[in-house]
Amino acid sequence: MPALVLLGAQWGDEGKGKATDLLGGSVDYVVRYQGGNNAGHTVVVGDQKYALHLLPSGILSPGCTPVIGNGVVVDPAVLLSELSGLNERGVDTSKLLVSGNAHLITPYHTTVDKVTERFLGSRKIGTTGRGIGPTYADKINRVGIRVQDLYDESILTQKVEAALDFKNQILAKLYNRRAIEAGAIVEELLTYAEQIKPYVADTTLILNNAIDEGKVVLFEGGQGTLLDVDHGTYPFVTSSNPTAGGACTGAGVGPTKISRVIGILKAYTTRVGAGPFPTELFDKDGEALRTIGGERGVTTGRDRRCGWFDAVIARYATRVNGLTDFFLTKLDVLTGWEQIPVCVAYEIDGKRVEELPYSQSDFHHAKPIYEMLPGWSEDITKAKTFADLPKNAQAYVKALEEMSGAPISAIGVGPGRTETIEINSFLS
Ligand code: IMP
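Rules used in this analysis
- Residues numbered from 1 in each chain as written.
- Predicted model: local features only at pLDDT ≥ 70, side-chain atom pairs only at ≥ 80, totals over all residues.
- Heavy atoms only, no water.
- Helix = DSSP H or I, 4+ residues; strand = E, 2+ residues; numbered from the N terminus.
- Contact = heavy atoms within 4.5 Å.
- UniProt positions renumbered as here; feature names shortened; annotations may be inferred.
- Buried < 20%, exposed > 50% of the residue type's maximum accessible area, 1.4 Å probe, protein only.
- Near = heavy atom within 4 Å.
- Polar contact = N/O pair within 3.5 Å; in protein donor to acceptor, adjacent residues only side chain to side chain.
- Areas by Shrake-Rupley, 256 points an atom, 1.4 Å probe, with all protein chains shown as cover.
- Nonpolar A, V, L, I, M, F, W, Y, C, P; charged D, E, K, R; others polar.
- Domains from an automatic or database assignment.
- Buried area = accessible area lost by both parts, 1.4 Å probe.
- Axes fitted to C-alpha atoms, helices over the stretch in contact; angles between N-to-C directions.
- Parallel < 35°, antiparallel > 145°, perpendicular 65-115°, else oblique.
- Left-handed = near helix turned anticlockwise from the far one by under 90°.

Enquirer: Explanation requested: the environment of Q360 in the structure shown.
Expert: Along the chain, the position of Q360 falls in helix 11 (residues 360-365). Sequence separation between Q360 and Y234 is 126 residues; the distance between their C-alpha atoms is 7.7 Å. When neighbours within four sequence positions are excluded, Q360 is seen to be in contact with Y234, P235 and F236.

Right under this line is the structure:
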C-alpha cells in the first residue's frame, strides 16, 4: 500500500485540504511534515466549513490518525484552541499524534517575527506573523524548545533562558522593545504541558511501522513548492521545506518508502505576501479570479494576488518534487472566459526561456509568454467524469498536463467534497 506525499505545486493555497480530505476515507495516517499555523486549509464537509491552520486535514476523517511530525513548528496555544474548536463541533480529535521532537512556537517567536517585519519596512517578506521563521531559526541555531522539553521543567527553564539571553539583547537594543521575562514564558508553556501530553508520541517509529504494515500514509505539505526555503523564490519564502524531500526529514521516513508524490495545482495562480510573480494580473481579470475563486487567505484574511496559469512553474514543481501526478483544482473558477491565457515560457532580457531561471534577478525580470486557449461557458460543477466536461475544458486540462510534465489524475470542479473528477486513483 502506498505512502503518498501531497504538496502544493505553486505558491500555496492550491486547495490541498480538499484533496487530502477526499482521500481521507481510505487513508490510515495523515501527516504534516513542515510549517506550522501559517498554513490554512479550508475543508468543506457536507454543509460544514472548517478552517484549519495547524492540524492535518485528516483530523476530519473518522478512522484516520492525524500526525504532526518532527518537522512542524507547533504553537501550543493554537494547537489547543483548534482542538477545542473541533471538539465543540463534535469532531473526535483523540487520535492525534504529536512528535516529541517538533519545535514549539513561543510568544517571543511571534514577537520577533512581527518586529523583524516592521524593521524590514519596504523589504519585508509579508510573513503571516505567526512566529514561523524565528522558530525555525532557533531550531537551526540549536536554541529551540521542543515539545518534549515541556516535560522537564528544569531543562525547559534552562533552554528558555538561553534563548532569551540573546533575543532580549536584540529586542531591547535594536528594536527598542521591552525584554521578555523567561519565567513568564516557562509558566505559560507549562500550562499547556499536561493538555498536550496525551498526544505526544514517537511518531517516526509509528509511521515507519505503519508503512511496513502496509497502511496508507499521506504526507501533507503546507505552503507550496515556490515557498520552499531551498527551492522557492528566496528570500520571499517560508522557512521550511514543503517540497517532497521535506516529507522525509520532517517525518523521519526514508525516500525509498515514498511511492507517489502528488502536486496540487490550481488552474490559475495565486500568491500571498511579497515576491516575484510573473503572471500576476492587475486588471479586471485578476479581480474576477479573486472574487470567483474566493482568493482570500484562510490564515491571514489577506487578499491573494491572482494571475494566469504558469506552466514554467508547474514543470519546475514536477522536477524538484519528482511528481508522479497532479491534482488540478478550481477548474470551475475559469468558467466564463472566452479565451484563457496560459504562460508557456518567459521572456528574460529579450530571450525565450523555458525553465525557471535559478537567478533571482532573472526571475524578477521574467515576462510571461502566453498561449491563448479557448474557454467554455457551461457549468462544470456537476461533472463526474472527464467526458462530462465541455470539449474546451477537456482541451485546457490536456494542454496543462502536456506542459507540466506529469499526468493530471484528479480535477476539482467545485468547492464541495464530492465536486471532484477522479481520473486515476491515487491509491492504486
Ligand atoms: P511565513 O511562513 O509566515 O514566514 O511567511 C513567509 C511567506 O510565506 C509569506 O509570503 C507568506 O504569505 C507565505 N505563506 C506562508 N504560509 C502560507 C500558506 O499557507 N499559503 C500561502 N502563502 C503562505
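Let's pick the thread back up.
Enquirer: Got a minute to help me understand the UniProt feature "binding site: substrate" (unreviewed entry) in the protein in this structure?
Expert: Look at the UniProt record and you will see "binding site: substrate" (unreviewed entry) annotated at V298, T299, T300, G301, R302, D303 and R304. Relative to the elements of secondary structure, T299 occurs in the loop between helix 9 (284-292) and strand 13 (305-307). Overall, the relative accessible area of 13% leaves T299 in the buried class. Leaving out residues up to four positions away in the same chain, T299 has contacts with N37, N38, A39, G40, H53 and R130. Counting through the fold element by element, T300 comes out in the loop between helix 9 and strand 13. Residues within four places of T300 in sequence aside, it is in contact with T128 and R130.

Enquirer: How should I be thinking about the site of the ligand in this particular structure?
Expert: Close contacts around the ligand come from 16 residues, with D13, N38, T128, T238 and R302 the closest. One nitrogen or oxygen atom from the side chain of D13 is found 3.1 Å from a nitrogen atom belonging to the ligand. Between an oxygen atom of the ligand and a main-chain N or O atom of G126, the distance comes to 3.3 Å. Expressed as a share of its isolated accessible area of 470 Å², the protein-covered part of the ligand is 96%. Of the residues belonging to the shell around the ligand, the class tally is six nonpolar, eight polar and two charged. Taken domain by domain, the shell around the ligand gets at least three of its residues from each of domain 1 (3-87 + 203-422) and domain 2 (103-198).

Enquirer: It is not clear to me how the environment of G294 should be interpreted in this structure. Could you clarify?
Expert: Positionally, G294 belongs in the loop between helix 9 and strand 13. By relative accessible area, G294 is classed as partly exposed at 45%. With 10 residues separating them in the primary sequence, G294 and R304 have C-alpha atoms 9.0 Å apart. The residues touching G294, leaving out its near neighbours within four places in the chain, are L289 and R304.

Enquirer: Is there a simple way to think about the domain arrangement of the protein in this case?
Expert: One frequent convention defines the size of an interface as the accessible area lost when the parts assemble. According to the domain assignment, the protein contains domain 1 (3-87 + 203-422) and domain 2 (103-198). With centres defined by C-alpha atoms, the gap from domain 1 to domain 2 works out at 29 Å. Counting residues at the interface gives 26 residues for domain 1 and 18 residues for domain 2. A combined buried area of about 1,800 Å² lies between domain 1 and domain 2, and 63% of that area is made up of carbon and sulfur atoms.

Enquirer: Before we go on, may I ask you to explain the packing of helix 3 (residues 107-120) against helix 5 (residues 153-174) in this structure?
Expert: Packed helices, taken two at a time, are described by the angle between their axes plus the distance between the axes. Running from amino to carboxyl end, helix 3 crosses helix 5 at an angle of 25°, the nearest separation of the two axes being 12 Å. Classified by the angle their axes make, helix 3 and helix 5 are roughly parallel. The chirality of how helix 3 crosses helix 5 is left-handed. When helix 3 is examined against helix 5, the residues Y108, T111, V112, V115 and F119 are found in contact with a partner set consisting of V160, A163, L164, K167, L171 and L174. Residues of the contact of helix 3 with helix 5, tallied by class, amount to nine nonpolar, one polar and one charged.

Enquirer: Would you take a moment to explain the side chain of T233 for this structure?
Expert: Checked against the element boundaries, T233 lands in the loop between strand 10 (217-220) and helix 8 (244-251). In terms of polar contacts, T233 uses its side chain to reach the side chain of R271, at 3.3 Å. Beyond its immediate chain neighbours, meaning those up to four positions away, T233 contacts W11, L226, R271, P276 and F363.

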